[in-house]
Amino acid sequence: MAWGRFRKCVLAVSLFMAILAHLGAGPASAADFADIRDACWASGGLSDDVVAIARSDERWSCADREFSIDAERVLLRFDLDPDVPLPRYFLSRRSALKAVHLLAIDQDGAVRQSTIPAAALSSSMVGGYFKASLPEVTRATRQVVVAIDLPSHRMSLERAHLVSVDADGDGTGASRLLVIVSALAGMLVMPLIFNAAFYQVLRKPFVLWHSALTLSLLMTLLVSSNISVVLFDPPAMTLSWMTTVIFGATVASGTMFTYSFIEPGLMHPVLRRMLPYCAVWAIFLSALHAGFPFVARPVQSSAYTAAFAPILIVFILSMIDALRRGSRAAKFQTVGYMPMVFVGLTRLVTGVTPWFHSADAMLMFYAGCLCEVFFTTLGVADRFMTMKRERDRARTEAYLLERLSETDPLTGLFNRRAIERQFARLRVEGFDTLAVIDLDHFKAINDLNGHAVGDAVLKAVASAIEAGPDVAAYRLGGEEFVLFLRGEDAGIEAERRRQAIPAIVADRVPGPGRPVTASMGVARALGDEGFVKLYERADKLLYEAKSAGRNRTRTVARSTTEPGILPNERATAV
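Residues numbered from 1 in each chain as written. Predicted model: local features only at pLDDT ≥ 70, side-chain atom pairs only at ≥ 80, totals over all residues. Heavy atoms only, no water.

A. The arrangement of the sheet that holds strand 9 (residues 161-163) in detail. Read across the sheet, four strands follow the order 6-7-3-9 without closing on themselves; strand pairing throughout is antiparallel. Edge positions in the sheet fall to strand 6 (122-123) and strand 9, since each of these pairs with one other strand and no more. For strand 3 (residues 89-93) and strand 9, the ladder comprises three bridges, and the chain directions are antiparallel. Residue Phe-90 lies in a different strand from strand 9, and its bridge partner there is Leu-162. (Pairing = 2+ DSSP bridges. Helix = DSSP H or I, 4+ residues; strand = E, 2+ residues; numbered from the N terminus.)

B. Just the pattern of salt bridges, in detail. If you walk through the whole model with that rule in mind, you get 19 salt bridges. Among the ionic contacts, a cluster of salt bridges with common partners joins Asp-321, Arg-324 and Arg-325. (Salt bridge = Lys/Arg side-chain N within 4 Å of Asp/Glu carboxyl O.)

C. Fine view of the sheet that holds strand 4 (residues 99-106). Pairing within the open sheet is antiparallel, and its five strands lie in the order 1-2-8-4-5. Every other strand in the sheet has two partners, leaving strand 1 (40-44) and strand 5 (111-117) as the edge strands with one partner each. The sheet shows a mean angle of 20° between the axes of neighbouring strands, taken without regard to direction. Here strand 2 (residues 73-79) runs beside strand 8 (residues 141-149); their pairing, made up of seven bridges, is antiparallel. Paired with Val-74 across the strands is Ile-148, a residue of strand 8. (Axes fitted to C-alpha atoms, helices over the stretch in contact; angles between N-to-C directions.)

D. Focus on the pairing of strand 13 (residues 518-524). With six of its seven residues buried, strand 13 lies for the most part within the structure. Direction of pairing for strand 10 (residues 433-439) relative to strand 13: antiparallel, over a ladder of seven bridges. When the sheet's bridge partners are listed, Leu-434 is paired in strand 13 with Ala-523. Note: strand 13 against strand 14 (residues 553-555), three bridges, orientation parallel. Its bridge partner lying in strand 14, Gly-521 is registered against Arg-554. In the classification by handedness, the crossover that spans strand 13, the intervening helix 17 (residues 531-547) and the parallel strand 14 is left-handed. (Buried < 20%, exposed > 50% of the residue type's maximum accessible area, 1.4 Å probe, protein only. Right-handed = clockwise from strand over helix to strand, strands pointing away.)

E. Representation of the confidence of the model for the protein chain in the model. For the protein chain, the mean per-residue pLDDT works out to 82, and 84% of the residues sit at or above 70. The low-confidence segment residues 5-34, where pLDDT is below 50, has 52 contacts with residues more than four positions distant or belonging to other chains. Within the model, the stretch residues 558-574 combines pLDDT values under 50 with 24 contacts to residues more than four positions away or in other chains. (pLDDT = per-residue confidence, 0-100. Contact = heavy atoms within 4.5 Å.)

F. Up close: the packing of aromatic side chains. All chains considered together, the criterion is met by 14 aromatic pairs. Here the aromatic rings of Phe-206 and Phe-261 are separated by 5.3 Å at their centres, their planes lie at 55°, and the arrangement is tilted. With a gap of 55 residues between them, Phe-206 in helix 5 (residues 205-224) and Phe-261 in helix 7 (residues 236-261) connect regions that are remote in the sequence. Note on accessibility: Phe-206 and Phe-261 belong to one class, buried. An angle of 40° between the planes, with centres 6.2 Å apart, marks the rings of Phe-484 and Phe-531 as tilted. One end of the pair, Phe-484, is in strand 12 (residues 480-485); the other, Phe-531, is in helix 17, with 47 residues separating them in the sequence. One exposure class covers both Phe-484 and Phe-531, and it is buried. (Phe/Tyr/Trp six-rings, centres within 6.5 Å; stacked < 30°, edge-to-face > 60°.)

G. Quick look at the state of the cysteines. Scanning all chains against the criterion turns up one disulfide. Between Cys-40 and Cys-62 runs a disulfide, and the two sulfur atoms are separated by 1.8 Å. The sign of the S-S torsion, about 110°, decides the handedness of the disulfide formed by Cys-40 and Cys-62: right-handed. Here Cys-62 lies in the loop between helix 2 (50-55) and strand 2 and Cys-40 lies in strand 1, a separation of 22 residues in the sequence. You can call Cys-40 buried: its relative accessible area is 7%. (Disulfide = S-S within 2.5 Å.)

So, in structure tokens, the structure goes:
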């Protein structure tokens, strides 16, 4: 039944991802509706004159689209078609760079130029892109040249394009993507509430790591989409290094969640020990890449991407090993992490292979966020239910063991240990009278008839002194029994049970050959008197009853004629 519900959840999420893909297939970003995307490219040094390079035809490469960031400065040239709308902005994928130089070259050779340092670049409404306003572009403009100083990633060149508006033509695509990502962000908030509620009940580390994972995915959505531009409009380079740091936090929290979530004994110890090191490695890589983007700049981006390969390998091996060992948690994680694994493989392959254009697979990433959080949250809920069942079973077993340790196996009555645990509660509930009952000449019954008959007698006595709403019965050991009673007729109730013993034993136990009688001592608790003191007084009265001839009761009556004075004790023979 549980597996059936799990399959239904898989189908529901798959359907949602299909809808998401359908929506994303529409005009979702300005990149899909770029006015001009084809470009020739050239390279040079920071000291080279940008205008001179732009006018030198032999330095441009238009047939080879394999961009390189080896040079200090890379130039892109966009040839304008008079029939298309005039571009106003240059858009490209966010990554670390030093500055952007923009040139508008007219048909007559006139050049209008502007330079924007990296810190002044604004964020585009297209998620993950920066925006730079072009110099004045007119119908006489035939070329736009963009020079990027110290580009740190090939995507800044591969995704570069000119647009007439900072979104697609009417804003529908950007708005649609904004709605989709906002819905995903709202869904990511729910597991945080779920975890906060359940952590109060079950304080387990995997709940905190799942919250950290969910929060980092939520932050990734905010900084990589146009939500951040709508809400805060931070500088593009700020979002660039934030994306890098948050990515490292996501990988780290994901590996630590796996480390703490997979059941003990269901993952190879070596793989489990490697996961925390993978988390530290991810944080180190992201911090290094964000803090020092220009160190070994031509290869750093590829090296940074390739350095995550060991983490991906360890994670995949951990899942395979946990599944092989029968981990229930690994089933949820495998389904939930599958899209993210594909995203990681896509970025890894395209990021380190020179002849592939870099791909960040953002649509798959958004779907992966939903899938990952949904199924890991289901896994956490399943673990909660499993742990709750185990806890309830353990409590039940502990309760049964406790009852066994406090129950006399022969008569079924509570024993002395139960009295010590229950005495305070009994006193609070008004049980203030203690009756100690001892069978008369019980040794003779065992000696003459055997222990089997003696045991039968004890069982019959237990029935005779049966418990009730105002009476609690116990066997102290041997032939001695105890009653706790409450109410004004407590003494009468105790005496009625003592007197019932001979008749019930005679009816149920053939063989004793003589009536089985009992003596009893009855005492009332004084103030907050403990059990030991109360028992000593009742036992003393029992001894007096034995000495007086047995088959009788000695009790202590409480005088009520003089309020405020301690009770007077008197012996009463019954």
